[in-house]
Amino acid sequence: MEPQAGLRVLLCLALCGLGGARGVWSSGNQEWKKLIMVHHWPTTVCMEVGNSCSAPPDYWTIHGLWPDKSEECNRSWHFNPEEIKDLLPDMKMYWPDLLHSSPNRSLHFWRHEWEKHGTCAAQLDALNSQKKYFGKSLGLYKDLALNSILQKLGIKPSNSSYQISDIKDALVSAYGVAPKVQCLPPKSGEELQTLGQIELCFTKDLQLRNCTDPGEPAPHRRAPWPARAAATSLGLEVCEDGPAFYPPPKRPTTGA
């Protein structure tokens with residue numbers, strides 16, 4: 001065998017070995033600028049897909065930690081629940097599959113988040129394993145403490161409405177950066193949009209930053225949550241200026 005051919009074989013073996021651990025990064029431009037920590041309000045999620053849910057949490061939970069401009073960066077790097085077994089108590093509490101109560105369905109949700117978003121976020125050393133990605137997401141969620149921040153700001157679930165501008169201004173005062181606030185648009189016969197999702201954004205150094213750059217066009221509609229769950233879902237949109245409903249959790253009815 002010629003020396004150059006032997007070198008190519010060794011190089012191929014090295015790369016293949018690396019691919020076995022991490023898979024092969026997909027081609028195309030997978031560059032991204034910011035991470036989006038997405039919180040969603042369980043009551044609105046259930047309303048969005050026409051699902052009564054089973055005792056949804058009465059606190060904001062994690063939808064995901066998403067790079068802004070890339071998806072499915074490594075389709076061969078599959079989700080392995082064994083890598084996050086130490087995180088499961090917090091995952092079940094703060095990052096549940098709201099629409100399905102069975103543990104297997106939560107695993108399906110987490111697999112979706114990892115394979116669509118985590119494999120791209122893994123370009124950062126701080127997020128370059130499944131345990132790091134999910135663990136850091138949980139850590140950011142706890143540090144942001146959105147539930148307690150909203151409570152302290154006097155923004156609580158209510159049968160009355162809030163002005164979206166007031167919610168945004170309150171969040172800017174608390175975090176020092178501009179969030180993105182999303183709503184479920186009113187159905188036919190309804191007057192108010194419904195608060196559904198709050199996004200807070202981070203730099204690649206995991207420092208808070210504005211979710212929208214000056215002059216950057218903001219996408220108006222987000223895909224239904226999750227897209228596979230209900231073809232009839234309206235999907236969330238960036239909230240319109242004006243009033244919005246922040247729905248109280250529905251309490252399960254009990255027999256007499």
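In what follows, the structure referred to is the one given above.
I will try to describe carefully the structure that is included in this document. (Residues numbered from 1 in each chain as written. Predicted model: local features only at pLDDT ≥ 70, side-chain atom pairs only at ≥ 80, totals over all residues. Heavy atoms only, no water.)

### Some words on helix 5 (residues 130–144)
Okay, so step 1: The end-to-end C-alpha distance of helix 5 is 21 Å, a good match for the 21 Å that 15 residues give at a rise of 1.5 Å each.
Okay, so step 2: Along helix 5, the residues classified as buried are Gln130, Tyr133, Phe134, Ser137, Leu138, Leu140, Tyr141 and Leu144. Projection of helix 5 onto a plane perpendicular to its axis shows the buried side chains occupying an angular sector of 160 degrees, all on one side.
Okay, so step 3: Where helix 5 ends, the next residue or the one after it, Ala145, has phi of about 50 degrees, a positive value. (Helix = DSSP H or I, 4+ residues; strand = E, 2+ residues; numbered from the N terminus. Expected span 1.5 Å × (residues − 1). Buried < 20%, exposed > 50% of the residue type's maximum accessible area, 1.4 Å probe, protein only. Arc of directions from axis to C-beta.)

### Brief notes about the pattern of salt bridges
Okay, so step 1: Taken as a whole and judged by the stated rule, the model has seven salt bridges.
Okay, so step 2: With a shortest N-O distance of 3.8 Å, Lys116 and Glu71 are connected by a salt bridge. Residue Lys116 is found in helix 4 (residues 103–121), and its partner Glu71 is found in the loop between strand 2 (61–67) and helix 3 (88–94); the two are separated by 45 residues along the sequence.
Okay, so step 3: On the accessibility criterion, Lys116 (23% relative accessible area) is partly exposed.
Okay, so step 4: In this structure, the salt-bridge partner of Asp86 is Lys131, at a minimum N-O distance of 3.2 Å. One end of the pair, Asp86, is in the loop between strand 2 and helix 3; the other, Lys131, is in helix 5, with 45 residues separating them in the sequence.
Okay, so step 5: Among the residues examined, Asp86 registers a relative accessible area of 58% and is labelled exposed. (Salt bridge = Lys/Arg side-chain N within 4 Å of Asp/Glu carboxyl O.)

Any link to function would need more than the numbers given here.
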